[in-house]
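Here's the letter readout for the chains.
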Amino acid sequence: MGRGMLQSVVIVGAGQAGAEAAMALRQFKFAGEIRLIGREASVPYERPPLSKGFLTGDVAAERLCFRTADAYARANIELILGREVRALDPAERRVLLDDGYAVTFDACILATGSAARRLDLPGAELANIFVLRTIEDAKQLRRGLVPGCRLAVIGGGYLGLEAAASARKLGASVTVIEALPSLLSRSASPLTADALCRLHRRSGIEVLLGEAVKGFSGELSVESVMLASGRAVAADLVLVAAGGVAETALAQDAGIDCANGILTDSDGRTNIDGIYAVGDCANAAQHTGGPHRRLESVQCAVQQARRAAAAVLGLPRPAPKVPYFWSEQFGLKLQIAGLVEPGVSTRDEVVGDLDGDFAVYRFSEDVLLAVEAFNRPRDFIQAQQRIGMRDAALPAA
């Protein structure tokens, strides 16, 4: 769809991907109408700090915003905030809001994100059981994180570990409960996962591995987490950090193909002409022809948004970049460049000290697939140029 035919674009979802898509359209010289619709009342904001600096109180709410409302106004981007899109009608080229108001479009970009996975377990309705996806979620959790409180974190992924580290900094007693035998089992090497586990334990956090949650006990508020092993973990607060589920209901109801997200090509196109999907909700084909992949990361959201904006306007696509990800725990930064697909066997080599600063270089058939750099930013930067190389030499320790 070229710029000459296009007069209006509606973006559903005002998170990282939606905000980036709106600004990219303007940067690519689109002069038509852009409407950015979000269910939260605040202007688009960063979510990664919610489990880190914002949770500890080191980052103020206003610092989370990508841009001010005035910046969107100057770019002639209409913000429709605090509103829910109830239906998408591809045939009529319109979305219906929760008050029945219809917004028409020539092209629509879905950036609906993902929702926190909930646990359908006995006692899950008790008070003081939280998820962490929005600024309001973070505010509610933060109010309970007083020195000496007992926090149980369910899930040993990045979100859970970051929140656990933040809570420990605030003086909470923290237990991390992971059902699998190791932390980060789907997203990091065993070497890095074990190093982070040791770091958390040295910092006073109890880490329970291979422990499944079977329910919660308490009167009105949660008092303990019940494990399948029979143990009860005392808790004043519980954070469920069990991953995210792509928000696909709007797309599915509109007849758009979905499977672990909204299925798209490498430019964000869905199976319905003029409808695109980007960010956490999108399960996108790869530029290299590999399998579809749904990645929840800032870098992925930004790259998909810019690529889809270019595709909407019929412009050359931005060059693809190596996937990367970062996490901060106890003031230390883990940066990962590249990606190891599930089921791929790797040879992992370490540079540095696994109980200090280190990097793990992950090879498959002598091809460098990923580098996990813990407090070694130089390895991370250099790795972005070396991913995909055969027999890539390791740097000096």
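Residues numbered from 1 in each chain as written. Predicted model: local features only at pLDDT ≥ 70, side-chain atom pairs only at ≥ 80, totals over all residues. Heavy atoms only, no water.

Turning our eyes to something else, we now look at helix H4 (residues 135-144). Among all positions of H4, only Ile135, Asp137, Ala138 and Leu141 are buried. Viewed end-on, H4 has its buried residues packed into an arc of 150°, placing them on one side of the element. Structurally, H4 contributes buried residues whose contacts are with helix H2 (53-56), strand E9 (129-130), strand E10 (150-154) and strand E16 (237-240). (Buried < 20%, exposed > 50% of the residue type's maximum accessible area, 1.4 Å probe, protein only. Helix = DSSP H or I, 4+ residues; strand = E, 2+ residues; numbered from the N terminus. Arc of directions from axis to C-beta. Contact = heavy atoms within 4.5 Å.)

Ranked by size, the top nonpolar core spans 42 residues in total, and within it Leu145, Leu151, Val174 and Leu239 carry the most contacts. Residues within four places of Leu145 in sequence aside, it is in contact with Leu55, Leu151, Ala167, Leu170, Ala172 and Leu237. Core analysis: the second largest hydrophobic core is formed by 32 residues, Leu6, Ala21, Ala75 and Ile109 among them. (Core = buried A, V, L, I, M, F, W, Y, C linked by side-chain atoms within 4.5 Å.)

This paragraph deals with the state of the cysteines. Note on terminology: a disulfide is the covalent bond linking the sulfur atoms of two cysteines. What the rule picks out here adds up to 0 disulfides. The thiol of Cys108 is unpaired, and the distance to the nearest cysteine sulfur, on Cys281, comes to 10 Å. (Disulfide = S-S within 2.5 Å.)

With 5 of 7 residues buried, strand E22 (residues 332-338) is to be regarded as a mostly interior element. Relative to E22, strand E21 (residues 324-329) runs antiparallel, the two being bridged by 6 bridges. Within E22, the position partnered with Tyr324 by the bridge is Ala337. Between the antiparallel neighbours E21 and E22 lie 2 residues, among them Phe330 with a positive phi of about 55°. (Pairing = 2+ DSSP bridges.)

Time to look at the sheet that holds strand E1 (residues 8-12). Ordered in space as E3-E2-E1-E7-E19, the 5 strands form an open sheet in which the pairing is parallel. At either margin of the open sheet sits one strand with a lone partner, and together these are strand E3 (77-81) and strand E19 (275-277). For this sheet the average axis-to-axis angle between neighbouring strands, irrespective of direction, equals 20°. The pairing of strand E2 (residues 33-38) with E3 spans 5 bridges and is parallel. Of the residues in E3, the one forming a bridge with Arg35 is Glu78. Here helix H8 (residues 298-312) sits on the sheet in contact with E1, strand E7 (107-110) and E19, set at roughly 165° to E19. (Axes fitted to C-alpha atoms, helices over the stretch in contact; angles between N-to-C directions.)

Below, the discussion takes up the side chain of Gln299. With respect to the helices and strands, the residue Gln299 is situated in helix H8. Leave out the neighbours within four places in its chain, and Gln299 touches Lys321, Val322, Pro323 and Tyr324.

Per the counting criterion, the structure on display carries 29 salt bridges. For Asp98, the salt bridge is made with Arg83, and the minimal N-O distance between the two is 3.5 Å. Placement of the pair is Asp98 in the loop between strand E5 (94-97) and strand E6 (102-104) and Arg83 in the loop between E3 and strand E4 (85-89), with a sequence separation of 15 residues. Judged by relative accessible area, which is 23%, Arg83 ranks as partly exposed. A cluster of three or more residues bridged by salt bridges with shared partners is formed by Asp265, Asp267, Arg269, Arg307 and Arg317. (Salt bridge = Lys/Arg side-chain N within 4 Å of Asp/Glu carboxyl O.)

Before going further, it helps to examine the pairing of E16. Side-chain direction in a regular strand flips from residue to residue, so the side chains alternate between the two faces of the sheet. Alternating residues of E16 divide into Leu237 and Leu239 and Val238 and Val240, and every residue in both groups is buried. Note: E9 against E16, 2 bridges, orientation parallel. Across the sheet, Phe130 pairs through a bridge with Leu239, a residue of E16. With 4 bridges connecting them, E10 and E16 associate as parallel partners. Across the sheet, the residue bridging to Ile154 is Val240, located in E16.

So, on to the environment of Leu354. Within the element layout of this structure, Leu354 appears in the loop between strand E23 (347-352) and strand E24 (358-364). Among the residues examined, Leu354 registers a relative accessible area of 23% and is labelled partly exposed. Residues Leu354 and Leu332, 22 residues apart in the sequence, show an inter-C-alpha distance of 13 Å. Every residue in contact with Leu354, bar those within four places of it in the chain, is listed here: Leu191, Ala195 and Arg198.

Spatially, the 5 strands line up as an open sheet ordered E9-E16-E10-E11-E12, and their pairing is parallel. Since the sheet does not close on itself, it has two edges, and those belong to E9 and strand E12 (206-209), each with one partner. In the packing of H4 onto the sheet, contacts are made with E9, E10 and E16, and the angle to E16 comes to roughly 150°. Sheet strands in contact with helix H5 (residues 158-169) are E10, strand E11 (173-178) and E16, and its direction is about 165° off that of E11.

Keep in mind these values describe shape, not function.
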